[in-house]
Amino acid sequence: MKRTFLGELEEVVLLTVAVLAEEAYAVTVAQELDQKTGRAVGFSTVHTTLQRLEEKGYLSSEMGGATAERGGRRKRFFRVTAFGRKALREAKEARETLWNAMSPQTLQLMSN
Amino acid sequence: MKPKPHAGPPRWAAWLLSRWSNPDAREELQGDMLEMYAYWLESLGKPAADRKYALAAIRLLRPLARPTHATGYSETHSFSPAMIQNYFKIAFRNLLKSKTFSAINVFGLALGMACSLMIMLWIRDERAVDAFHTNKDQLYRIYMREYFSGKVQGVIWTPGVLAEELKKSVPEIEMTTPFSWTIQQTFSVGNKIHKQATNWASGDFFKMFSYKLLQGTAEGALRDRGNIAISRKMAEAFFGSPEAAMGKAIRFDNRKEMTVSAVFENIGASSSLQFDCLMTWDAYVDDNGWAKDWRNTDPLTFFKLRKDADPAKVEAKMLHLLDKTNRDEGKPYKTQLAMQPFHEYYLNSNIKDAKMDGGRIEYVQLFSFVAVFILLIACINFMNLATARSSRRAKEVGVRKVVGAMRSMLAGQFMGEALLIAMLSAMLAVLLVALLLPAFNSLTSKQMVIPWSEPSFWGVIAGLLAVTGLLAGSYPAFFLSSLNPVRILKGALKFDSSSVWVRQGLVVFQFGLSVILIVGMIIIYRQVGFVQNKNLGFDRENLVYFPIEGELFNKFDILKEQLTQIPGVKQVSHMTATPASNGNGTDGITWPGGDPNGQVRFTPVGIGYDFTKTMNLKIADGRDFSKEFPTDSSGVIVNETAVKVMGLKEPVGREVNWGKTKVRIIGVLKDFHFQSLHTAIRPLIAYLGARQPQGSVVIRIQAGKTPETLAAMERICKKLNPAVPFTYAFTDQEYARQYQSEQIVGKLAGYFAFLAIFISCLGLFGLAAFTAEQRTKEIGVRKVLGASVAGIVGLLSKDFLKLVVMAFVLASPVAWYIMKRWLQGFAYQIDIEWWMFALAGVIAVLIAIFTISFQSIKAAMMDPVRSLRSE
């Protein structure tokens, strides 16, 4: 199997989609990122990242029903695929392995 | 969250998004962006939201945004990065594949653009003259219209008292100044003596015009009749620095002490008024009492309107201003005043039928046309070569069409290529201009620089680039994209007759333009030569003159005696003007039996004894002034034109009135030119100015002894007039100077005609090379069957020569018409003769033959074995 690799921004976006569950589309993801992490991510960046994640197979998407407040335009909802969940898990595990490998003194320093 | 009706995102950004974003994601993107905009609007406010929206929209445009869905088909579009890359790759490969043609294209276009740029710089420079005055929209110049017996005549020189009167009688006029004729005068401080260009103006002068004052104020510069305002150069020459000059005394003409009241920055080339120092008009009147009289004309008059004044009303008010003065007193004609915006005066200085009518503006227009012509010729080269060589690209077009390219995309591709080449050319052109500008400057005697930092300059270049690219690319793009893929891919491409027609038409057009330029060049050259060598009615060679000034005024008799003793001097006399140019005028001449309504302006000149001998003038009737006739002081000599104007049968001995005094005609001179040939000979009236010699000393010297004679003259003048440096002028040189702008134009026309023909030939060279290449096999077969080299050269050249000849036939009438109009600016013109056209035709044909023969001889000499062996 191809080695899964997630970029840092990709990981955050993927996590956000997972957090938002049923309500995940480009706007909510961008707003969530803006509010929760406070990092300045442009909307176009979010949009392209979502597309890239879908291309890589971490996300699947479907068009929702038309809504009036968007000028009758449909939303594209994203959902994390099984492959995406696996990738998230692996990323988390990889971090935990590294955290666990730290010596107690270093850990002490970290918590200060 | 509903966006308010007027609080929507920037429209252009929304449009960009709807038009150019990825078609696969367009719908949800637009929706998402609307929601984001509402979110930003709430959290950040309108400006930031607009900014963010626009930024995101731009970043989501197709070439910038990431291409998605590598798998699966999406809508074809010619702006995907891969296609753009491909266009560039193909364009560069094509450029490199045929280096000669690319070089011809790029170089030809670059030359054309460089020419246009240079001409634009020149035009810009011409237009900038007098544009620097802050009040330029309120500044005007007065000129007079004189009506007599149904005719009207325009005069730019006005009565010296007019300036004051205007201010008094027209309330809208805020400031006025007379401005005399700039002349060289002698100034001295201690033992430093210099000649400076001197003029006189009113106290308003520096308030009206924006000449920068380094010392002193605009109000105080010319307040008192003892004041003088001097230039930085003059201040440095006399006092070392502008600061040191203020308030110091300077001696004028070795008779008056003036006080420096202001120092102004040296006057640049962008000013049409040129002077080193200014004194007050009052001071001028002190020296020249006659300037107080309305009947005399001398200075130019300028005025400044109030900001809110209506120029049309002012013009109506001043129209009859002179009626209440004694200007037209006892005379049967009317003088009216008219005005012209001051900044137009440099480019529109000719008066015709009492209206301002052209001037240098005609050259500006002429060269604008030339610039367009040359650029057009270069564009045609490009069009021709591109279409002629289209068979090379035809397969590419076929394949592109088969895999789905639409016509518009192909057209876009070829336009893009043309723009690319235009861009290369533009870079080369800017480089060329930078290199050639010093030479161009010395040719046109200007100080132009490339305005690198001006956005308008880059705008012009961008415009030039766009126009050339689109113009040059339009036909090839249209033609190539119209090819039928089935026919191209099936076999060799056959041009239909229409494209050949267009191509030949373009060559004809191109050479037609070149022929017009060559004819123009020949005629301008001849006219300038004609003017310089025309028999003026006097002998202008070896005629020296210098001003009577300082002590010479009183010591004239001694001066004349001593000068006559110099071995190289033949005759000595004097006159109140200079031999090369006399623009004075007087209205006061009436004669018994003359039409009371037929008033004519005469040119008066005071002359000394022996004047006619010195100038080598011919006497038609009567005699010259002579010391043996004491009554000659009330005698005058007129020229033949004057006799004709007065309609006198027996002019000698007749009495005429000059103002209120009676004078008697004692002689008639054959007509001679005392002004430039732009103007016709005017009636001249010469009086004996022996009592008060002023103006210039005129000396006829012997040919071949010039240096020693001049040295002797200088010695005598130095001794008699130690306070004034000796300066002299040769009549023929001064005369030639009046045609400086014609000479420059003649030279420029020559260079541009050469360039036009050169660029045309570049194109012809390319076309000939291409034809020869296409007909390689045919030539091979002909040679095998026994054709001679000469026969083949003839065969190849014939087609092109036909076009050049046709161009000549079509262009000649156009050239004739244009040049006829140009010649009308001269009162004395050459005739346009057939040989001028013949010469232009021969030049065009010869150059064309020379160009073509390169290629045709090469093709004809080729070994047929090599051209035929591949089959």
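(A) Inspection of the overall build of chain B at higher detail. The helix and strand tally for chain B stands at 27 helices and 25 strands. With 871 residues in all, chain B has 39% of them scored as buried. Sequence-distant contacts, at least 24 apart, represent 81% of the contacts inside chain B between residues at least 6 apart.

(B) Local environment of the overall build of chain A. If you tally the helices and strands in chain A, you get five helices and two strands. Reading chain A from its N terminus to its C terminus gives the helix and strand order α-α-α-β-β-α-α. Out of the 112 residues belonging to chain A, those deemed buried represent 29%. Long-range pairs, those at least 24 residues apart, make up 45% of the contacts in chain A with a sequence separation of at least 6.

(C) Up close: the interface of chain A and chain B. Contacts between the two partners involve 20 residues from chain A, matched on the other side by 18 residues from chain B. Those elements giving two or more residues to the side of chain A that touches chain B turn out to be α2 (26-37), α3 (43-56) and β2 (74-80) of chain A. Of the residues forming the side of chain A that touches chain B, the biggest block, seven residues, is contributed by α3 of chain A. Here the residues of the side of chain A that touches chain B sort into five nonpolar, seven polar and eight charged.

(D) Just unusual backbone geometry, in detail. All names here are of chain B. One non-glycine residue with positive phi stands out, namely Asp130, at about 65 degrees. Mapped onto the elements, Asp130 comes out in the loop between α5 (99-128) and β1 (139-148). A positive phi is found at Asp610, a non-glycine position, where the angle reads about 65 degrees. In this fold, Asp610 is placed in the loop between β18 (603-607) and α19 (611-615).

(E) View of the confidence of the model for chain B. All names here are of chain B. For chain B, the average pLDDT comes to 82, and 92% of its residues sit at 70 or higher. Strand β13 (residues 351-352) is the least confidently modelled element of chain B, averaging 67 in pLDDT, while strand β7 (residues 227-231) averages 91, the highest of any element. This stretch, residues 1-5, has a pLDDT under 50; its non-local contacts, to residues over four places away or in other chains, come to six contacts. Across residues 68-73 the pLDDT falls below 50, and counting only partners more than four positions away or on other chains, this stretch makes seven contacts in the model.

(F) Broad picture of the pairing of strand β15 (residues 543-547) of chain B. Residues and elements named next belong to chain B. A large share of β15 lies buried, amounting to four of its five residues. Here β15 runs beside strand β24 (residues 696-701); their pairing, made up of five bridges, is antiparallel. What sits directly across from Leu543, in β24, is Arg700. Across two bridges, β15 lies against strand β25 (residues 729-730) in antiparallel orientation. In the strand pairing of β25, Tyr545 is matched with Ala729.

(G) Just the nonpolar core, in detail. Residues and elements named next belong to chain B. Counting residues in hydrophobic clusters, the biggest one holds 102 residues, and the most contacted among them are Ile374, Val515, Ile518, Val519, Phe752, Ala756 and Ala844. With 18 residues, helix α23 (residues 740-774) is the largest single contributor of residues to this core. Residue contacts for Ala844: discarding those within four places in its chain leaves Phe511, Ser514, Val515, Ile518, Ile757, Val804 and Phe808. Of all hydrophobic cores here, the second largest spans 55 residues; its members include Met208, Leu222, Met234 and Ala245.

(H) Inspection of the environment of Lys248 of chain B at higher detail. Mapped onto the elements, Lys248 of chain B comes out in the loop between α9 (242-245) and β8 (249-252). Counting along the chain gives 13 residues from Lys248 of chain B to Ser261 of chain B, while the straight-line C-alpha distance between them is 8.3 Å.

(I) Just the packing of helix α12 (residues 360-388) of chain B against α23 of chain B, in detail. All names here are of chain B. For the pair α12 and α23, the least separation of the axes is 9 Å and the interaxial angle reads 10 degrees. Relative to α23, the element α12 is oriented roughly parallel. Judged by residue contacts, Arg360, Tyr363, Val370, Phe373, Ile374, Ile377, Ala378, Ile380, Asn381, Asn384, Leu385 and Ala388 of α12 engage Ser741, Val745, Phe752, Leu755, Ala756, Ile759, Ser760, Leu762, Gly763, Gly766, Leu767 and Phe770 from α23. In terms of residue class, the contact of α12 with α23 is made up of 17 nonpolar, six polar and one charged.

(J) Quick look at the environment of Pro592 of chain B. Looking at the secondary structure, you find Pro592 of chain B in the loop between β17 (589-590) and β18. Here the alpha-carbon distance between Pro592 of chain B and Asn657 of chain B, two residues 65 residues apart in the chain, equals 8.2 Å.

(K) Representation of the packing of α5 of chain B against helix α15 (residues 455-481) of chain B in the model. Residues and elements named next belong to chain B. At a minimum axis distance of 11 Å, the contact between α5 and α15 shows a crossing angle of 140 degrees. As summarised for this structure, α5 and α15 are arranged oblique, according to the angle between their axes. In terms of crossing hand, the pair formed by α5 and α15 is right-handed. Across the interface between the two elements, Leu109, Met113, Ser116 and Met120 of α5 pack against Val460, Leu464 and Thr468 of α15. Taken together, the residues of the contact of α5 with α15 break down into five nonpolar, two polar and no charged.

(L) Quick peek at helix α18 (residues 556-565) of chain B. All names here are of chain B. Restricting attention to buried positions, one finds in α18 the residues Phe556, Leu559 and Leu563. Seen end-on, α18 carries its buried residues on one side only, within an arc spanning 55 degrees. Residues of α18 that are exposed and point over 90 degrees away from its buried face: Asp557, Glu561 and Gln565. In this fold, the buried residues of α18 make contact with β16 (569-575), β24 and α21 (706-720).

(M) Representation of the environment of Leu29 of chain B in the model. Note that Leu29 of chain B resides in helix α2 (residues 26-44). With 24 C-beta atoms counted inside 10 Å, the residue Leu29 of chain B sits in the buried group. Once residues lying within four places of it in the same chain are set aside, the contact partners of Leu29 of chain B are His47 of chain A together with Leu17, Ser21 and Leu60 of chain B.

(N) Up close: helix α26 (residues 834-861) of chain B. Counted at 1.5 Å a residue, the expected span for α26 of chain B with its 28 residues is 40 Å, and the 39 Å between its end C-alpha atoms agrees. Helix geometry: α26 of chain B is bent most strongly at Ser853 of chain B, by close to 35 degrees.

Analysis parameters
- Residues numbered from 1 in each chain as written.
- Chains lettered and ligands numbered in written order.
- Predicted model: local features only at pLDDT ≥ 70, side-chain atom pairs only at ≥ 80, totals over all residues.
- Helix = DSSP H or I, 4+ residues; strand = E, 2+ residues; numbered from the N terminus.
- Buried ≥ 20, exposed ≤ 12 C-beta atoms within 10 Å, placed from the backbone.
- Contact = placed C-beta atoms within 7 Å.
- Nonpolar A, V, L, I, M, F, W, Y, C, P; charged D, E, K, R; others polar.
- pLDDT = per-residue confidence, 0-100.
- Pairing = 2+ DSSP bridges.
- Core = buried A, V, L, I, M, F, W, Y, C linked by C-beta atoms within 7 Å.
- Axes fitted to C-alpha atoms, helices over the stretch in contact; angles between N-to-C directions.
- Parallel < 35°, antiparallel > 145°, perpendicular 65-115°, else oblique.
- Left-handed = near helix turned anticlockwise from the far one by under 90°.
- Arc of directions from axis to C-beta.
- Expected span 1.5 Å × (residues − 1).
- Bend = angle between axes of the 7 residues up to and from the residue.

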